[in-house]
Amino acid sequence: MADEKKKEKKPFSLVGAQIWLLVLIGVAIGAAISYVYYDKLFNMYLSQQLKNVEEDWSKAEYYGNRLADQVIKYEKLLTDDKIKFNKEIFNSALDVRARIIGGDTAAEKAPLLAEFEADMNAILEFYNSRMDLRNKRFSYIEWGLITGEYINEYNARKADYNESADNFNGKLTMFPFNIIAAKKKYKALPIAGGSAIVPVRTATEEYTRSESLVTK
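All figures in this text were calculated on a predicted structure; none of them were measured in a lab.

> Which parts of the structure should I look at to understand the packing of aromatic side chains?
We describe a pair of aromatic rings using the distance from one ring centre to the other and the angle between the two ring planes. Evaluation of the coordinates by the stated rule reveals 10 aromatic pairs. These aromatic residues form a ring-pair network of at least three members: Tyr-74, Phe-85, Phe-90, Tyr-127, Tyr-140 and Trp-143. Between the NZ or CZ atom of Arg-66 and the centre of the ring of Tyr-62, over which it lies, the distance is 4.8 Å. Looking at Arg-134, its charged tip hangs above the ring of Tyr-127, at a distance of 4.5 Å from the centre.

Put into structure tokens, the structure is as follows:
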């Protein structure tokens, strides 16, 4: 009788083992599918975030280039009018612009912004101090109006880049993004240092006086 009971239990234990085996295979397949899906999903997210950061950088670099073009125009105005000015600062700003354009990555370019901003601020300090030139010729006022718009855009776009780069860098240290970052070799992006470029002052002395008379 004991032998018959043992024989009866074997088929049931075999079925149970098969069921557990199927469950384990199902779990393994589900885990593999989930891994592939979420790996792709998180990688797509980081890739899109990186693309957004690169777009913000491109905008900041674009307006930086426009400001460098204005440096060339301002230098020509001063030269044509035989105005004495520090040419080294102008040359330095254009040299930094060339180095930024020649860089391959944001890691190479971002540190140069501080140099460019310092040169631009020195040039604008000279521009803002020469009210006599704006009184004399409208072309200097026009230069300031155009340059002022570029400065506003540059400062805003640089701030956008720093914010998006900081958010991206934070994601690289968070689970599960840190696993994907290590696997796909994502690297932290540099934060652009330096300070904002100062605004231009375009109002002439006559305009300032007339404005004060109206407000009285």
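> I'm lost on the packing of helix α4 (residues 112-129) against helix α6 (residues 138-172) in this one. Help?
Where α4 contacts α6, the two axes come as close as 13 Å, and the packing angle between them is 150 degrees. Classed by the angle they form, the pair α4 and α6 counts as roughly antiparallel. The handedness of the crossing between α4 and α6 is left-handed. Each of Leu-113, Glu-117, Leu-124 and Tyr-127 in α4 lies in contact with α6, whose residues at this interface are Tyr-140, Ile-141, Trp-143, Gly-144, Thr-147, Ile-151, Tyr-154 and Lys-158.

> Is there a simple way to think about helix α7 (residues 177-184) in this case?
For α7, every residue scored as buried is listed here: Phe-177, Ile-180 and Ala-181. In a view along the axis of α7, the buried residues occupy a sector of 100 degrees, so they form one face of it.

Cut-offs and rules
Residues numbered from 1 in each chain as written. Predicted model: local features only at pLDDT ≥ 70, side-chain atom pairs only at ≥ 80, totals over all residues. Heavy atoms only, no water. Phe/Tyr/Trp six-rings, centres within 6.5 Å; stacked < 30°, edge-to-face > 60°. Lys NZ or Arg CZ within 6 Å of the ring centre and 35° of its normal. Axes fitted to C-alpha atoms, helices over the stretch in contact; angles between N-to-C directions. Helix = DSSP H or I, 4+ residues; strand = E, 2+ residues; numbered from the N terminus. Parallel < 35°, antiparallel > 145°, perpendicular 65-115°, else oblique. Left-handed = near helix turned anticlockwise from the far one by under 90°. Contact = heavy atoms within 4.5 Å. Buried < 20%, exposed > 50% of the residue type's maximum accessible area, 1.4 Å probe, protein only. Arc of directions from axis to C-beta.

Honestly, that's just the spatial picture; any functional story needs more than this.
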